[in-house]
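Single-letter residue listing:
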Protein chains: 2
Amino acid sequence: MASPTVAELQQTIEKLREELKNEKQKIEEIKGTTKRTRITQMSSEVVDSNPYSRLMALKRMGIVDDYEKIRDFSIAVVGVGGVGSVTAEMLTRCGIGKLLLFDYDKVELANMNRLFYQPHQAGLSKVEAAEKTLREINPDVEFEVYNYNITTMDNFNHFMDRIRLGGKVKDTPVDLVLSCVDNFEARMAINTACNELGQSWFESGVSENAVSGHIQFVIPGDTSCFACAPPLVVATQTDEKTLKREGVCAASLPTTMAVVAGFLVQNVLKYLLHFGQVSYYLGYNALQDFFPTMRMKPNPHCDDTHCLRQQRLFQEREAAKPKQEFTEETEEEVVHDENEWKIELVSETTEDEAKAAEGDKPQLTEGVTVAYTKPAAQAEDSTDFVNATEMSIDDLMSQMKQL
Amino acid sequence: MASPTVAELQQTIEKLREELKNEKQKIEEIKGTTKRTRITQMSSEVVDSNPYSRLMALKRMGIVDDYEKIRDFSIAVVGVGGVGSVTAEMLTRCGIGKLLLFDYDKVELANMNRLFYQPHQAGLSKVEAAEKTLREINPDVEFEVYNYNITTMDNFNHFMDRIRLGGKVKDTPVDLVLSCVDNFEARMAINTACNELGQSWFESGVSENAVSGHIQFVIPGDTSCFACAPPLVVATQTDEKTLKREGVCAASLPTTMAVVAGFLVQNVLKYLLHFGQVSYYLGYNALQDFFPTMRMKPNPHCDDTHCLRQQRLFQEREAAKPKQEFTEETEEEVVHDENEWKIELVSETTEDEAKAAEGDKPQLTEGVTVAYTKPAAQAEDSTDFVNATEMSIDDLMSQMKQL
């Protein structure tokens, strides 16, 4: 075969240049032309190019005094699946200072019935995929991501260290931990870590039938921890992995998960930026659009010794406070300790409540339990301590009468 | 200058080929390796590659009888901003048959505090950007997108035609219209179209202070339309464009908007797939985590003549039904016509309710009104007809007592 002539080679070069131009254009098209640059200071200016204008407007609307403070906070999100990924995205779009993401799972096409991940990310680790998307959405947020299971010994110690030292200011604790995991073991690990560290955290969950969910605010020593009354949270002790092996999977809906993530981040914002009332427990029953709220005291016989220690510390702090009953009452907005309605939440949730809330109990494989249903074995020894108070019932009724 | 030698040219070719390979690899990296292909039939198989496994599990969980039916439905989403885009994404991920999207706005960086759009899409029309993302998420969904303002005469007629003929089966009506717009005029246009066509639709909205929202189900002739009692919905008659010109903008939060979108799509799913109870009105007060529900009858003196005609048609249909009071009661799950609590929603929402629900009323620019607050001018003539019934109050109370 004759070697190519100069003209032929130049033709090839022309063709390759054309192809290269096309590929580069494709990339431009995929990426779009506008790239979001970092912004040093949040501005209230009402221009199309300001990604913070609608958030800073919360100040003019009289909702938040100091929105810019959002940049000082650091939040750990454990589990970036259906609820956690949307939670992280909301916080990112709100301009949170720093996010620490923990997960050991990979993105799969089977996750596409929930928001956030896209098919082209299948195969990537969830934290890696999430970080990439979130950085593009808001490069002002600082990220730390850990692609590991927090429940193994080594990882657990590292996890504890990051909670203790992962704040926005170097070597200070994070401001909140958000549990968005899908199994009992991981919830217990978060609970153990937070009890030991005295770290406030939010628990969240959705039921296996996809039509209910909840968030719960845990302040060690002050409110019930996950070990004080686990069954109210998510009762199943089996995780997704086990279920999949058996050819069974929990149902899920993007709606329920987005509502739970919305409730979670809304209460995080209320807590961090001091507006409205933070809910200690907020449930979502999608079948009936019913939203139970409550507050539970910690269990004085809790199995977790760090919980007991936090309870003592809390009581000591309370006792040390100056005795100004009246002032305290108005300052602490959401504390009602009376139980006028004699509500005992855990012991009664078994049959009637579960049925009313979930519809008929489906035929489930072993290990799959409807959330909010209490396993019989633990039913007895919990009735004596859970002194639940339906917080908003009075407000709710007076508001309804006013309507 | 000497002309290049063959060796030099071949070197150039080598370099270009290398560059081309790199660019192609970049595209692969951006796009990822897995591409979601179309799926002819929904399967329940529990494998990582099945995007419908978690939805089909709703059948095994006893929640939905026939999930596959979702593919037969066509839904029009009007307005693909903060609420509409998330609404469209949820429906897409749920595998809805067909989506018709209407909007005339462009993506801006100022939208980045809400979910869905990404910075690189700034400058694209919202419907174009949305369609591209949604097709990638789920290529099984059919799309029709219209980049126009539905309130101009020509567009309005075309819009009506698409509602009337845009169903999954050619030339049948859509199954639902979802209003996710941010201004009064567009809501009135949707209301007018749906009253004329007898088309059921959901209204949705969030307040300008970003901390409350609602959804409302309108069945022409059966429930209150937007013209029957507009102030309960969103009172401002000024749209975003006007506000921006004045250097003012409404506040918004990704949390509130995702919760409203979640409520909206959840109730759409309940309505289409026959599970749970559809809410006629569901409010979200984020400051207090309070969720008012109610049902309103249409106004017999409504300004919209098509609403009056639909009311007559509805009454004729009701009268023609066989008189089986008892059976009907159990079939129509959510009809309670007693007003034991003498609740009159519209007339009383002005001061106390708005204050309780919204906190102190902020200092607002002219034209910006807190949602749920009734303009004084319309206060009198509405008290005589709005016979609102707090739907779930009995259920709520009995459930609370049971707890």
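Residues numbered from 1 in each chain as written. Chains lettered and ligands numbered in written order. Predicted model: local features only at pLDDT ≥ 70, side-chain atom pairs only at ≥ 80, totals over all residues. Heavy atoms only, no water.

So, about the overall build of chain A. Counting its regular elements, chain A contains twelve helices and eight strands. Burial statistics for chain A: of 403 residues in total, 59% are counted as buried. Contacts in chain A between residues far apart in sequence, at least 24 positions, make up 68% of those at least 6 positions apart. Taken as a whole, chain A presents about 16,900 Å² of accessible surface, with 50% of it coming from carbon and sulfur. (Helix = DSSP H or I, 4+ residues; strand = E, 2+ residues; numbered from the N terminus. Buried < 20%, exposed > 50% of the residue type's maximum accessible area, 1.4 Å probe, protein only. Contact = heavy atoms within 4.5 Å. Areas by Shrake-Rupley, 256 points an atom, 1.4 Å probe, with all protein chains shown as cover.)

A full pass over the atoms with the stated rule returns 31 aromatic pairs over all chains. Plain terms: the ring middles of Phe-102 of chain A and Tyr-146 of chain A are 5.2 Å apart, the flat faces sit at 25° to each other, and that makes the pair stacked. Note that Phe-102 of chain A is positioned in strand S2 (residues 98-102) and Tyr-146 of chain A in strand S3 (residues 142-146), a separation of 44 residues in sequence. Just as Phe-102 of chain A is buried, Tyr-146 of chain A falls in that class too. Aromatic pair Phe-202 of chain B and Phe-217 of chain B: ring centres 4.3 Å apart, planes at 10°, arrangement stacked. Of this pair, Phe-202 of chain B sits in strand S5 (residues 201-206) while Phe-217 of chain B is found in strand S6 (residues 212-218), placing the two residues 15 residues apart along the sequence. Each member of the pair, Phe-202 of chain B as well as Phe-217 of chain B, carries the same accessibility label: buried. An aromatic cluster of three or more residues is present, and its members are Phe-263, Tyr-284 and Phe-291 of chain A together with Phe-263, Tyr-284 and Phe-291 of chain B. Its guanidinium or amino end placed over the ring of Tyr-280 of chain A, Arg-295 of chain A lies 4.2 Å from that ring's centre, counting from NZ or CZ. (Phe/Tyr/Trp six-rings, centres within 6.5 Å; stacked < 30°, edge-to-face > 60°. Lys NZ or Arg CZ within 6 Å of the ring centre and 35° of its normal.)

Moving on, we come to the sheet that holds strand S7 (residues 281-285) of chain B. Residues and elements named next belong to chain B. Pairing within the open sheet is mixed, and its eight strands lie in the order S3-S2-S1-S4-S5-S6-S7-S8. Taken across any chain shown, the strands that pair with only one partner, and hence form the sheet edges, are strand S3 (142-146) and strand S8 (293-294). Inspection of the sheet shows S7 paired to S8 by two bridges, in the antiparallel sense. Each residue of the ladder has a partner; that of Leu-282, found in S8, is Thr-293. (Pairing = 2+ DSSP bridges.)

All names here are of chain A. Taken together, the eight strands give an open sheet; going across it, the order is S3-S2-S1-S4-S5-S6-S7-S8, and neighbouring strands pair in mixed fashion. Each of the sheet's edge strands pairs with one partner strand only, and the pair in question is S3 and strand S8 (293-294). As judged from the five bridges shared by strand S1 (residues 74-78) and S2, these two strands associate in the parallel manner. By the bridge assignment, Ile-75 is partnered in S2 with Leu-99.

All names here are of chain A. Across the five residues of S1, five count as buried, placing the element largely inside the fold. A two-sided burial pattern is seen for S1, the buried positions comprising Ser-74, Ala-76 and Val-78 on one face and Ile-75 and Val-77 on the other. The parallel pair S1 and S2 is bridged by helix H3 (residues 84-93), and the resulting crossover is right-handed. Alignment of S1 against strand S4 (residues 176-179), held across four bridges, turns out to be parallel. Of the residues in S4, the one forming a bridge with Val-77 is Leu-178. (Right-handed = clockwise from strand over helix to strand, strands pointing away.)

A separate point is the side chain of Glu-203 of chain B. Residues and elements named next belong to chain B. Along the chain, the position of Glu-203 falls in strand S5. A distance of 2.8 Å separates polar atoms of two side chains, one belonging to Glu-203 and the other to Arg-187. There is a polar contact of 3.1 Å between the side chain of Glu-203 and the side chain of His-214. (Polar contact = N/O pair within 3.5 Å; in protein donor to acceptor, adjacent residues only side chain to side chain.)

Considering all chains together, one arrives at 38 salt bridges over all chains under this definition. Measuring nitrogen to oxygen at the nearest pair gives 2.8 Å for the salt bridge that ties Arg-135 of chain A to Glu-131 of chain A. With Arg-135 of chain A and Glu-131 of chain A both in helix H4 (residues 126-137), this residue pair falls four residues apart, about one helical turn. Taking relative accessible area as the criterion, Glu-131 of chain A reaches 19% and is therefore assigned buried. The salt bridge partner of Arg-162 of chain B is Glu-144 of chain B, with a shortest N-O separation of 2.9 Å. (Salt bridge = Lys/Arg side-chain N within 4 Å of Asp/Glu carboxyl O.)

Let us look at the pairing of strand S7 (residues 281-285) of chain A. Walk down a regular strand and you will see the side chains alternate between the two sheet faces. All names here are of chain A. Of all five residues making up S7, five are buried, and the element is well covered by its neighbours. In S7, alternate side chains face the same way, and those of Tyr-281, Gly-283 and Asn-285 on one face and Leu-282 and Tyr-284 on the other are all buried. The pairing of strand S6 (residues 212-218) with S7 spans five bridges and is classified as antiparallel. Residue pairing for S7: His-214 is matched across the bridge by Gly-283.

Let's shift gears to the nonpolar core. Counting residues in hydrophobic clusters, the biggest one holds 140 residues, and the most contacted among them are Phe-263 of chain A together with Phe-263 of chain B. Beyond its immediate stretch of four places on either side in the chain, Phe-263 of chain A contacts Ile-215, Leu-282, Tyr-284 and Phe-291 of chain A together with Val-259, Phe-263, Tyr-284 and Phe-291 of chain B. (Core = buried A, V, L, I, M, F, W, Y, C linked by side-chain atoms within 4.5 Å.)

Let us now look at helix H6 (residues 184-197) of chain B. Residue and element names in this part refer to chain B. Between its terminal C-alpha atoms H6 stretches 20 Å, which fits the 20 Å expected from 14 residues at 1.5 Å a residue. Three or more residues of H6 are buried, namely Phe-184, Ala-186, Arg-187, Ala-189, Ile-190, Asn-191, Ala-193, Cys-194 and Asn-195. Put simply, Asn-183 is the residue that caps the front of H6, since its side-chain oxygen is 3.3 Å from the backbone nitrogen of Glu-185. Within two residues after H6, Gly-198 carries a phi angle of roughly 65°, on the positive side. (Expected span 1.5 Å × (residues − 1).)

Once that is clear, we can look at the packing of helix H5 (residues 153-165) of chain B against H6 of chain B. To characterise two packed helices, one gives the angle between the axes of the helices and the distance between these axes. Residue and element names in this part refer to chain B. Remark: H5 packs on H6, axes separated minimally by 10 Å, with the N-to-C direction vectors making an angle of 50°. Looking at the two axes, H5 sits oblique to H6. Seen from above, H5 lies across H6 with right-handed handedness. Facing Phe-156, Phe-159, Met-160, Ile-163 and Arg-164 of H5, the residues of H6 in contact are Ala-189, Ile-190, Thr-192, Ala-193, Glu-196 and Leu-197. Classifying every residue of the contact of H5 with H6 by side-chain character gives eight nonpolar, one polar and two charged. (Axes fitted to C-alpha atoms, helices over the stretch in contact; angles between N-to-C directions. Parallel < 35°, antiparallel > 145°, perpendicular 65-115°, else oblique. Left-handed = near helix turned anticlockwise from the far one by under 90°. Nonpolar A, V, L, I, M, F, W, Y, C, P; charged D, E, K, R; others polar.)

Residues and elements named next belong to chain A. On average, residues of chain A score 81 in pLDDT, and 74% of them reach the 70 mark or higher. A low-confidence stretch, residues 231-238 (pLDDT under 50), is modelled with 37 contacts involving residues beyond four sequence positions or located in other chains. Low confidence marks residues 327-403, where pLDDT is under 50. Its contacts with residues over four positions away, or in another chain, come to 154 contacts. (pLDDT = per-residue confidence, 0-100.)

What follows deals with the environment of Ile-70 of chain B. All names here are of chain B. Within the element layout of this structure, Ile-70 appears in the loop between helix H2 (53-60) and strand S1 (74-78). Overall, Ile-70 belongs to the buried group, its relative accessible area being 0%. On a C-alpha basis, the gap between Ile-70 and Leu-269 in space is 8.4 Å, while along the polypeptide they are 199 residues apart. Among all residues touching Ile-70, those that are not within four sequence positions of it are Met-42, Cys-94, Gly-95, Ile-96, Gly-97, Leu-269 and Leu-273.

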